[in-house]
Amino acid sequence: MSRPVVFTLFFAAVFLQAGTYGLTFMLPKLFEAFDANEKDVGLMLSITTISTLISVYFSGHLSDRLGRVTTLGFACLTIAASLLLYGLAQSVGTILILASIFLGAGWGITYSLAPVALTKLVSSAERVRYFTMLSIFVMAGFGLSPVMAAIMFDFGFSIADAFFVTAALCTVSGVIFFTLVTPMRTHALIAGAEQKSSLTITSVVQVFKSPAVIPVAMVCFGASVFAGMNNFQTVFAEDRGLNYSNYFLVYTMTVVVFRVLLARFTGGNSPYRTIAFLQYIMAGSIILFMFSGTSQTLYMLVALLFALGYGVSYPILVAMAANDADEDLVPQTLQLFALTYFIGIFGFPLIAGWFIVEIGTTPLLALVAILAVIEASLAAKRAFQNSKSDA
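Model, not experiment: these values are computed from the prediction.

Asker: Describe in detail the nonpolar core, supporting the description with residues and values.
Answerer: Among the nonpolar cores identified, the biggest contains 134 residues, and Phe10, Tyr251 and Phe306 are the most heavily contacted of them. Ranked by the residues each element gives to this core, the list is headed by helix 14 (residues 296-324), at 15 residues. Ignoring any residue separated from it by four or fewer positions in sequence, one finds Tyr251 in contact with Met139, Phe226, Asn230, Ala303, Phe306, Ala307 and Tyr310.

Asker: Could you give an account of helix 12 (residues 244-261), naming the residues involved and the relevant values?
Answerer: Its 18 residues place the ends of helix 12 26 Å apart at the C-alpha level, agreeing with the 26 Å of an ideal helix rising 1.5 Å per residue. Listed as buried for helix 12 are Tyr244, Ser245, Tyr247, Phe248, Tyr251, Thr252, Thr254, Val255 and Arg259. Its buried side turned inward, helix 12 meets helix 2 (27-32), helix 6 (127-154), helix 10 (213-230), helix 11 (233-240) and helix 14.

Asker: Please set out the side chain of Ser313 residue by residue, giving values where relevant.
Answerer: Take Ser313: it is sitting in helix 14. Ser313 sits in the buried class, given a relative accessible area of 1%. Among the polar contacts listed, one links the side chain of Ser313 to the backbone oxygen of Tyr310, at a separation of 3.2 Å. If sequence neighbours within four positions are ignored, Ser313 has contacts with Ile275, Leu278, Gln279 and Leu308.

Asker: Any chance you could break down the state of the cysteines for me, citing the residues and the numbers?
Answerer: Among covalent bonds in proteins, the disulfide is the one between the sulfur atoms of two cysteines. Within the structure shown, the criterion is met by 0 disulfides. Between Cys76, a cysteine without a disulfide, and Cys170, which holds the nearest cysteine sulfur, the sulfur-to-sulfur distance is 6.2 Å.

Asker: Describe in detail a nonpolar patch on the surface, supporting the description with residues and values.
Answerer: A cluster of nonpolar side chains, namely Leu62, Leu66, Phe74, Leu77 and Phe178, defines an oily patch on the protein surface of about 400 Å² accessible area. Secondary-structure elements contributing two or more residues to the nonpolar patch are helix 3 (38-66) and helix 4 (68-88). By the secondary structure assignment, Phe74 is in helix 4.

Asker: Please give an account of the packing of aromatic side chains that cites residues and values.
Answerer: Summed over the entire model, instances satisfying the criterion amount to 25 aromatic pairs. The interplanar angle of 70° and the centroid separation of 5.1 Å between the aromatic rings of Phe74 and Phe178 together place this pair among those described as edge-to-face. Placement of Phe74 in helix 4 and of Phe178 in helix 7 (residues 159-179) is noted, with a sequence separation of 104 residues between them. The class for Phe74 is partly exposed, based on a relative accessible area of 45%. Ring geometry for Tyr314 and Phe337: centres 6.0 Å apart, planes at 55°, overall tilted. Separated by 23 residues along the polypeptide, Tyr314 in helix 14 and Phe337 in helix 15 (residues 330-358) bring together distant segments of the chain. In terms of burial, Tyr314 and Phe337 fall into one category: buried.

Asker: So what's going on with helix 7? Which residues, and what values?
Answerer: The end-to-end C-alpha distance of helix 7, which contains 21 residues, comes to 31 Å, matching closely the 30 Å that a straight helix rising 1.5 Å per residue would cover. For helix 7, the set of buried residues is Ile159, Ala160, Ala162, Phe163, Thr166, Ala167, Cys170, Ser173, Gly174, Ile176 and Phe177. Contact partners of the buried residues in helix 7: helix 1 (3-23), helix 2, helix 4, helix 6 and helix 8 (181-186).

Asker: Got a sec to walk through the packing of helix 12 against helix 14? Specific residues and values, please.
Answerer: Two elements in contact, helix 12 and helix 14, have axes whose closest approach is 8 Å; the angle formed by their N-to-C orientations is 40°. The crossing of helix 12 and helix 14 is right-handed.

Asker: Go over the environment of Ile47 with me, naming the residues and quoting the values.
Answerer: Along the chain, Ile47 falls in helix 3. Spatially, the C-alpha atom of Ile47 lies 9.6 Å from that of Leu103, the residues being 56 residues apart in sequence. For Ile47, the contacting residues outside a window of four places in its chain are Ile97, Ser100 and Ile101.

Asker: Please set out the packing of helix 6 against helix 7 residue by residue, giving values where relevant.
Answerer: Close contact between helix 6 and helix 7 brings their axes to 9 Å; oriented N to C, the two are set at 130°. In terms of axis orientation, helix 6 runs oblique to helix 7. Crossing geometry of helix 6 relative to helix 7 is assigned as right-handed. Here Met148, Ala149, Met152 and Phe153 of helix 6 lie close against helix 7, whose contacting residues are Ile159, Asp161, Ala162, Val165 and Thr166. For the contact of helix 6 with helix 7, the per-class residue count stands at 7 nonpolar, 1 polar and 1 charged.

Cut-offs used in this document
Residues numbered from 1 in each chain as written. Predicted model: local features only at pLDDT ≥ 70, side-chain atom pairs only at ≥ 80, totals over all residues. Heavy atoms only, no water. Core = buried A, V, L, I, M, F, W, Y, C linked by side-chain atoms within 4.5 Å. Buried < 20%, exposed > 50% of the residue type's maximum accessible area, 1.4 Å probe, protein only. Helix = DSSP H or I, 4+ residues; strand = E, 2+ residues; numbered from the N terminus. Contact = heavy atoms within 4.5 Å. Expected span 1.5 Å × (residues − 1). Polar contact = N/O pair within 3.5 Å; in protein donor to acceptor, adjacent residues only side chain to side chain. Disulfide = S-S within 2.5 Å. Patch = residues over 30% accessible without salt bridge, like charges linked within 9 Å, V, L, I, M, F, W, Y side chains within 5 Å. Areas by Shrake-Rupley, 256 points an atom, 1.4 Å probe, with all protein chains shown as cover. Salt bridge = Lys/Arg side-chain N within 4 Å of Asp/Glu carboxyl O. Phe/Tyr/Trp six-rings, centres within 6.5 Å; stacked < 30°, edge-to-face > 60°. Axes fitted to C-alpha atoms, helices over the stretch in contact; angles between N-to-C directions. Left-handed = near helix turned anticlockwise from the far one by under 90°. Parallel < 35°, antiparallel > 145°, perpendicular 65-115°, else oblique. Nonpolar A, V, L, I, M, F, W, Y, C, P; charged D, E, K, R; others polar.

Next up, the structure:
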């Protein structure tokens, strides 16, 4: 198997399983079918958070025994099982709890190990480019799955059917990863055994003492912002009489197009300044959404600006986490990056669901905007510190 074919299949497998996270945006509609509300969505996602954090922490230990790509294959099958259970659920109970546990375990492993597996195939100078490509396929997968669900719904299918279809795609993804075990080992830049990936207390302390602690912390704020805007977008849209599928379509197309255009962009002379600029745009888009009302035009502009700010800054931030890390701690740093990401992505909906039910959507958006400003300001501070040290 040639190197280009290996990359093509790897990214295809990533794309097929990435739709999973996009379907979590559909959970409010799925839960609505059995009279559950946003609080229940937040509760199930909090269970997913716990499962995710445990799986991310132990993903390195598991991959050290099975191999990274083999572990990715099994994780995809775990995700498929979770989606099947979500589709079969008829009430908030044991089935949903198991589905949430399986989702966290599978998604945590795939998200944390995919970039680690990719580092064995690319040099440090190529990381921004290939991490951007990885993020393109991840974003395309989970951005298009809500659109697919909406289209299926329009044709008379249920939201549960969308979960069944995505479960099948995740199974295919797992099979692809299993076929890539030997080819990826063959094309590794450094021959021999894989670098140890296990997270230990010592390695965690070392990462937190390194410059990589800033991007590791920043991604938690960014993930909370992303979850706050997207996980309950169906609720925001229905409150205002807007079409949420248009939002996700514009968001996904903008992210994919700009990431493709900037695939060779390394962040410029000051990557953190670039990140700060983009994330202030992200914060501005949220503030605009607070006051955009029922305007479909402004709704599309919000989707575009949020996609530009969050979507383009994220892969640069991942690369900065890897580049700021000690070389022998890159796998552990990327796993911690994923760990804090998931704290925000699955943990924040618990807060967001409570806000929506008890306080309202506008206060939630205000909180999300504040978190976006904090993340952007951390990047700006780091850029200023780097410019002083260079001088």
